[in-house]
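Report on the structure
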Amino acid sequence: MSTTDMQLRVGMVGYAFMGAAHSQAWRTVNRVYDLPARARMALICGRDAGNVAEAADRLGWDAYTTDWRDLVSRDDIDVVDVCTPGDSHAEIALAALAAGKHVLCEKPLANTVEEARAMAAAAATARASGVRSMCGFNYRRVPAVAMMRRLVADGRLGVIRHVRAAYLQDWIVDPQFPLVWRLQKDRAGSGALGDIGAHIIDLTQYVTGQRITGVSAVTETFVKERPLPAGSSGLAATVDGSVDGHADGAGPATGPVTVDDAALFVARLDGGALATYEASRFATGRKNALRVEINGSLGSVVFDLERLNELEFYDATLPTAEQGFSRILVTEGDHPYMSAWWPPGHIIGYEHSFTHQMRDFIEAIATGTDSEPSFADALQVQLVLDAVVRSAELGSSWTDVEPALTAVAV
Ligand SMILES: NC(=O)c1ccc[n+]([C@@H]2O[C@H](COP(=O)([O-])OP(=O)(O)OC[C@H]3O[C@@H](n4cnc5c(N)ncnc54)[C@H](O)[C@@H]3O)[C@@H](O)[C@H]2O)c1
């Protein structure tokens, strides 16, 4: 089979929020980008036969199964896409890698460092036989974020002094919001920290090319008991009402919230920068507000997800009289990922980051190159999450972060 004829038969586990976003991207990617392989939406998996059959039809999958073990062991599946809560990432991804499947796994990679370490080691072993793996830190693939990285890599910011990152939401401000899976440590690993804090950890390490070496943290759970949901899981009761996917109302009893509602920390990066991070689900009015500012010796750059086609750039090398923050509209053909979309000025949105993720993963598989963020990169994020938790437990004491390269035996 020539590479242009190559078909990658995808099997996806989970079909609620991320399942829908990934489906959209798998459906679109080959229609937008000219790639050396074609993705086929072959098989979707969920636990409830009726719900998953409906999802297969709605999202455009050829067939469905109710057992992820069936999905990972089938000969007619090449890629396994893990879109389930964190408590099943390790088990599914390890089985898929052992079966020789390429694996795309949603973030955070796992619920614990031990799981992430095992996954990174398995990915390194599988890589030797041409098997690729990637973690779904999709915000890297917003063109403006990739452009930020280009500016830093090209030296336009000089020496990086400060990183200021915040990812703020407000969907659990109401104390009557039910105890969905994201509020349970055994299912989610951690709260705002692993869910949204993981994104800004990955994004800032990616953009700066620097690794977080140590942290001092505070975390808080503001609402410690919540009504038990009648359904099982979710991000917000209004996202969908399926028993399989999301909360569908509060029951009479309550249960303990076992994760953080907010996590704040300061950090050092290995290039000498000082950084601050804030992840909260209690930032009233902030729905999905991800903002990153980087200050360097030659300039600054700012990204705000609510204006995701734009970057603010300050070039301190210009004559003083001309200095000031300027707005770059990141829609030109020579901006990252934009050549295949629309004419300059025709903006794109949230879902496109997933299309870009699938583009890069397909290309890596078809050309036999490494895909990023690798499971080792995602282990690095997991090590930071773990250090934040330990620091907070020890009254914010300074806690070093082990480098992932020494944490995984390759
Ligand atoms: N990249 C991003 O921006 C982003 C955004 C949201 C969530 N996520 C991550 O994606 C993952 C899923 O989150 P979500 O918001 O889609 O959750 P969700 O609750 O909307 O969906 C979870 C899905 O997993 C299914 N599922 C759970 N256990 C299963 C099992 N054992 N076998 C088969 N199916 C199973 C559920 O039925 C549901 O369809 C999490 O790791 C989350 O952190 C990433």
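Residues numbered from 1 in each chain as written. Predicted model: local features only at pLDDT ≥ 70, side-chain atom pairs only at ≥ 80, totals over all residues. Heavy atoms only, no water.

What follows deals with the overall build of the chain. Per the secondary structure count, the chain includes eleven helices and 17 strands. Rg of the C-alpha trace for the chain: 21 Å, near the compact-globule value of 22 Å for 410 residues, within the 12% margin. A burial count over the chain gives 56% of its 410 residues as buried. Taking as baseline every contact in the chain between residues at least 6 positions apart, the subset at least 24 positions apart corresponds to 71%. For the chain, the computed accessible surface area is about 16,500 Å², with 51% contributed by carbon and sulfur atoms. Distance between charge centres in the chain, computed from 36 positive and 51 negative side chains, equals 2 Å. (Helix = DSSP H or I, 4+ residues; strand = E, 2+ residues; numbered from the N terminus. Rg over C-alpha atoms; globule rule 2.2 N^0.38 Å. Buried < 20%, exposed > 50% of the residue type's maximum accessible area, 1.4 Å probe, protein only. Contact = heavy atoms within 4.5 Å. Areas by Shrake-Rupley, 256 points an atom, 1.4 Å probe, with all protein chains shown as cover. Lys, Arg positive; Asp, Glu negative; His and termini not counted. Charge placed at Lys NZ, Arg CZ, Asp CG, Glu CD.)

Moving on: the sheet that holds strand 13 (residues 289-296). Strand order across the open sheet formed by nine strands is 16-15-14-13-7-12-11-8-17, with mixed pairing between neighbours. Among the strands making up the open sheet, the edge pair consists of strand 16 (325-329) and strand 17 (399-400). As defined by bridge partners, strand 7 (residues 160-168) adjoins strand 12 (residues 274-280) across seven bridges and the pair is classed as parallel. Pairing of Val163 across the sheet is with Ala275, part of strand 12. Strands in contact with helix 10 (residues 375-393) are strand 8 (212-220), strand 11 (262-269) and strand 17; relative to strand 8, the strand with the most contacts, it is inclined by about 50°. (Pairing = 2+ DSSP bridges. Axes fitted to C-alpha atoms, helices over the stretch in contact; angles between N-to-C directions.)

Core analysis: the largest hydrophobic core is formed by 117 residues, its most contacted members being Trp26, Phe265, Tyr277, Phe303 and Phe375. Sequence-distant contacts of Phe375, that is, excluding residues within four places in its chain, are made with Ala93, Leu97, Val103, Cys105, Leu109, Met119, Ala120, Ala123, Ser133, Met134 and Cys135. Counting ten residues, the second largest nonpolar core, distinct from the first, contains Phe177, Val180, Leu183 and Val259. (Core = buried A, V, L, I, M, F, W, Y, C linked by side-chain atoms within 4.5 Å.)

Spatially, 3-2-1-4-5-6 is the arrangement adopted by the six strands of the open sheet, whose pairing is parallel. Each edge of the open sheet is held by one strand with a lone partner, namely strand 3 (63-65) and strand 6 (133-135). Going from strand to strand, the sheet's axes swing by 20° on average, the running direction of each strand aside. Inspection of the sheet shows strand 5 (residues 102-105) paired to strand 6 by three bridges, in the parallel sense. Each bridged residue has a counterpart across the sheet, and for Val103 the counterpart in strand 6 is Ser133. With respect to the sheet, helix 9 (residues 352-367) is in contact with strand 1 (7-13), strand 2 (38-45), strand 4 (79-82), strand 5 and strand 6, its orientation differing from that of strand 5 by roughly 160°.

Right, let's get into the pairing of strand 12. Pairing between strand 11 and strand 12: seven bridges, direction antiparallel. In the strand pairing of strand 12, Ala262 is matched with Ser280. Remark: four residues form the turn of the hairpin made by strand 11 and strand 12, two consecutive strands paired antiparallel; Gly272 in that turn has positive phi of roughly 105°.

What follows deals with the pattern of salt bridges. According to the stated counting rule, one finds 25 salt bridges in the structure shown. Shared partners join several salt bridges into a network, and the residues in it are Lys107, Arg182, Asp195 and Arg281. (Salt bridge = Lys/Arg side-chain N within 4 Å of Asp/Glu carboxyl O.)

Right, let's get into the environment of Gly155. Mapped onto the fold, Gly155 is located in the loop between helix 6 (143-153) and strand 7. Residue classification places Gly155 among the partly exposed positions, given a relative accessible area of 33%. The sequence separation of Gly155 and Ala366 amounts to 211 residues, and the corresponding C-alpha distance is 32 Å.

Now for the UniProt feature "domain: Gfo/Idh/MocA-like oxidoreductase N-terminal" (unreviewed entry) in the chain. The positions that UniProt labels "domain: Gfo/Idh/MocA-like oxidoreductase N-terminal" (unreviewed entry) are, in the present scheme, residues 8-126. Strand forms 21% of residues 8-126 and helix 48%; the C-alpha atoms that close the span are 17 Å apart. (UniProt positions renumbered as here; feature names shortened; annotations may be inferred.)

On the secondary structure map, Glu310 appears in strand 15 (residues 310-315). With a relative accessible area of 16%, Glu310 lands in the buried category. There is a polar contact of 3.2 Å between the side chain of Glu310 and the side chain of Arg327. If sequence neighbours within four positions are ignored, Glu310 has contacts with Ala144, Phe303, Arg327, Ile328, Leu329 and Val330. (Polar contact = N/O pair within 3.5 Å; in protein donor to acceptor, adjacent residues only side chain to side chain.)

What follows is about the packing of helix 8 (residues 192-208) against helix 10. Two elements in contact, helix 8 and helix 10, have axes whose closest approach is 10 Å; the angle formed by their N-to-C orientations is 125°. One way to sum up the angle between helix 8 and helix 10 is to call them oblique. Of the two elements, helix 8 crosses helix 10, and the hand of that crossing is right-handed. Taken together, the residues of helix 10 that come into contact with helix 8 (itself represented by Leu193, Gly194, Ala198, Ile201, Asp202 and Gln205) are Gln380, Val381, Val384, Leu385, Val388 and Val389. Class assignment of the residues belonging to the contact of helix 8 with helix 10 gives a composition of eight nonpolar, three polar and one charged. (Parallel < 35°, antiparallel > 145°, perpendicular 65-115°, else oblique. Left-handed = near helix turned anticlockwise from the far one by under 90°. Nonpolar A, V, L, I, M, F, W, Y, C, P; charged D, E, K, R; others polar.)

Roughly 710 Å³ of internal volume is contained in the second largest pocket. If you trace the second largest pocket, you find 29 residues lining it, with Glu372, Ser374, Ala376, Asp377 and Leu405 closest to the centre. Listing elements by their share of the lining of the second largest pocket, those giving two or more residues are helix 5 (113-127), helix 8, helix 10 and helix 11 (404-407). Residues of the lining of the second largest pocket, tallied by class, amount to 13 nonpolar, seven polar and nine charged. (1 Å grid on protein atoms, 1.4 Å probe; cavity = no way out; pocket = protein on both sides within 12 Å on 5 of 7 lines; lining within 4 Å. Points joined across faces, edges and corners; volume = space filled by probe spheres on them.)

For the pair helix 1 (residues 17-32) and helix 9, the least separation of the axes is 8 Å and the interaxial angle reads 60°. Taken together, helix 1 and helix 9 sit at an angle that is classed as oblique. Like other packed secondary-structure pairs, helix 1 and helix 9 cross with a definite hand, here right-handed. Judged by residue contacts, Met18, Ala21, His22, Ala25, Trp26, Thr28, Val29 and Asn30 of helix 1 engage Phe354, Thr355, Gln357, Met358, Arg359, Phe361 and Ile362 from helix 9. Taken together, the residues that form the contact of helix 1 with helix 9 break down as nine nonpolar, five polar and one charged.

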